[in-house]
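A closer look at the structure
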Amino acid sequence: MGKEMISPLLAVAAMAGAILGFLLGWIMRKSATTGTEEDPARLRRSYQELSQEMARTLEELSRKREIAISIPMIVRSLSGKLPISAIPAIAVRFTKDFFHASQVGFFAPAKGENRFTLIEGVGFPPDWKGNLRIVPEEGILGMAIENKMVATRDEFLTGRIQQATGPDSLEKKGVTADLVAPVIVNSKVVGVLVIVSDTLRINNEIPLVSMIADLLSNAFQQATTIESVEQSAAIDPLTKVYTRGYFAQRFEAEIRRAKNYTQPLTLLLFDIDHFKKVNDTYGHPAGDRILVRLGQILSQNIRSSDFVARYGGEEFVVVMTAADKEQAYIFADNLRIKVEGTLFPIPGQDLPLRLTISGGLATFPEHGASTTELIRTADEALYEAKQAGRNRIVRAQQLGLDGMPL
């Protein structure tokens, strides 16, 4: 794709160079012959006109070279495997440099709202990011969104009577955009690129802005597809909590973060007491109903900074970040009480079941400095809870310097 774009640009650059050579030769020839044919004033005017023409040609040639170098770079940047959150920052940085812009912003719908907010930007007030609210029906931004095409300042000024500029428009916020390019995925505007440039003849850049908007659309679509596939693979289809595979990857990352920031981290490993008896008595569909309900309880009761995964069968793990053993124990025991007080309806049975859980807690770094050690010590604590009569949470034993429990 890069070669396809560079080849025509190089051809244009070569043509511009040929024109420049012709102009220079013409000047030299005129200089040799005009002494007797033209007066000095006319000659000076000719030189000025040709000098201006040469300056424009050199400027255009320089711009063509810049385009030939820069476009493949943004194509490569947006073609890789990117998280959705990384795309706006890449777009803003590239657009600012490429268009010599004083202000560039990527605006997108605020979470849970119809209004747009600044996601990433340069040249805007620092407190705008995530806080500003722009009505998508007003101003030049509204024109771009409504028409789903690049909107220019000249077009907006011509048609501004039809396009209102209310108090929540970019214009009323003090932004006079030269170009606004919508980024569209599956016929939906997922964001707009707002550009203010003081140096380029920006109207000449509309095709390039449209191309960048298309590249961003493709990048968003690809990132959305990848995240959707990865999310599907990471979620247990029955309980809707994370899978064991996702837990293994995420747990490693959380351990590294805890080490880097010297923060505690606690792992809760628990299972449902006598769950085999439930399956044997009422059948596996009944057991599945219980697991689904337990997944809902877990999702509704953990903190946003924590995560829960199905470890296997009726076993679950909860990773509590920045939680020491006392804080984690309070959460774990409250969870145990919550499960004990929940009624689990069983298909074909008049009376719901009451169930209990048993769990083991292991805290980093007291009970282990690695994922393997923490899982092992939590599992040992879970075994102790079972041996002690079930329906309880047991803390792991502290490890000595030899790695064995004290």
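Just so we're clear, the structure is a prediction, and the values are computed from it rather than from any experiment.

**Structural notes on the overall build of the protein**
Assigned secondary structure in the protein consists of 11 helices and 12 strands. Looking at the 406 residues of the protein, the share that counts as buried comes to 44%. For the protein, restricting intrachain contacts to residue pairs at least 6 apart in sequence, the fraction spanning at least 24 positions comes to 64%. Of the roughly 21700 Å² of accessible surface on the protein, a fraction of 54% belongs to carbon and sulfur atoms.

**Thoughts on the packing of helix α9 (residues 284–301) against helix α10 (residues 325–340)**
It is the contact of α9 with α10, at a shortest axis distance of 11 Å, that shows an interaxial angle of 140°. Our classification of the angle between α9 and α10 gives oblique. Our pair here, α9 against α10, has a crossing hand that is right-handed. On α10, the residues that touch Leu 294, Ile 297, Leu 298 and Asn 301 of α9 are Phe 331, Leu 335, Lys 338 and Val 339. Grouping the constituent residues of the contact of α9 with α10 by class yields 6 nonpolar, 1 polar and 1 charged.

**Considerations on the side chain of Lys 386**
Here Lys 386 is to be found in helix α11 (residues 371–387). Reaching out from Lys 386, the side chain makes a polar contact with the side chain of Asp 271 at a distance of 2.6 Å. Once residues lying within four places of it in the same chain are set aside, the contact partners of Lys 386 are Asp 271, Ile 272, Asp 273 and Ser 358.

**Let's talk about the packing of aromatic side chains**
The tally for this structure, following the rule as stated, stands at 12 aromatic pairs. An angle of 75° between the planes, with centres 4.9 Å apart, marks the rings of Phe 98 and Phe 99 as edge-to-face. Overall, Phe 99 belongs to the buried group, its relative accessible area being 1%. Ring geometry for Phe 247 against Tyr 311: centres 5.8 Å apart, planes inclined by 85°, an arrangement best described as edge-to-face. Of this pair, Phe 247 sits in helix α7 (residues 244–261) while Tyr 311 sits in strand β7 (residues 307–312), and the two are 64 residues apart along the sequence.

**Some details on the pairing of strand β1 (residues 101–109)**
Counting buried positions along β1 gives 7 out of 9 residues, so the element sits mostly inside the fold. Note: β1 against strand β5 (residues 188–197), 6 bridges, orientation antiparallel. Across the sheet, the residue bridging to Gln 103 is Val 196, located in β5. Taken together, the 6 bridges between β1 and strand β2 (residues 116–122) define a ladder with antiparallel strand orientation. Residue Phe 107 lies in a different strand from β2, and its bridge partner there is Leu 118. Once β1 ends, the chain turns through 6 residues before running back antiparallel as β2, passing Gly 112 with a positive phi of about 75°.

**Quick word on the sheet that holds β7**
Taken in spatial order, the 5 strands line up as β7-β8-β6-β11-β12 in an open sheet, and their pairing is mixed. Two strands in the sheet have a free side with no partner beyond their single neighbour: β7 and β12 (393–395). With direction set aside, neighbouring strand axes in the sheet form an average angle of 20°.

Reading the values: rules and limits
- Residues numbered from 1 in each chain as written.
- Predicted model: local features only at pLDDT ≥ 70, side-chain atom pairs only at ≥ 80, totals over all residues.
- Heavy atoms only, no water.
- Helix = DSSP H or I, 4+ residues; strand = E, 2+ residues; numbered from the N terminus.
- Buried < 20%, exposed > 50% of the residue type's maximum accessible area, 1.4 Å probe, protein only.
- Contact = heavy atoms within 4.5 Å.
- Areas by Shrake-Rupley, 256 points an atom, 1.4 Å probe, with all protein chains shown as cover.
- Axes fitted to C-alpha atoms, helices over the stretch in contact; angles between N-to-C directions.
- Parallel < 35°, antiparallel > 145°, perpendicular 65-115°, else oblique.
- Left-handed = near helix turned anticlockwise from the far one by under 90°.
- Nonpolar A, V, L, I, M, F, W, Y, C, P; charged D, E, K, R; others polar.
- Polar contact = N/O pair within 3.5 Å; in protein donor to acceptor, adjacent residues only side chain to side chain.
- Phe/Tyr/Trp six-rings, centres within 6.5 Å; stacked < 30°, edge-to-face > 60°.
- Pairing = 2+ DSSP bridges.

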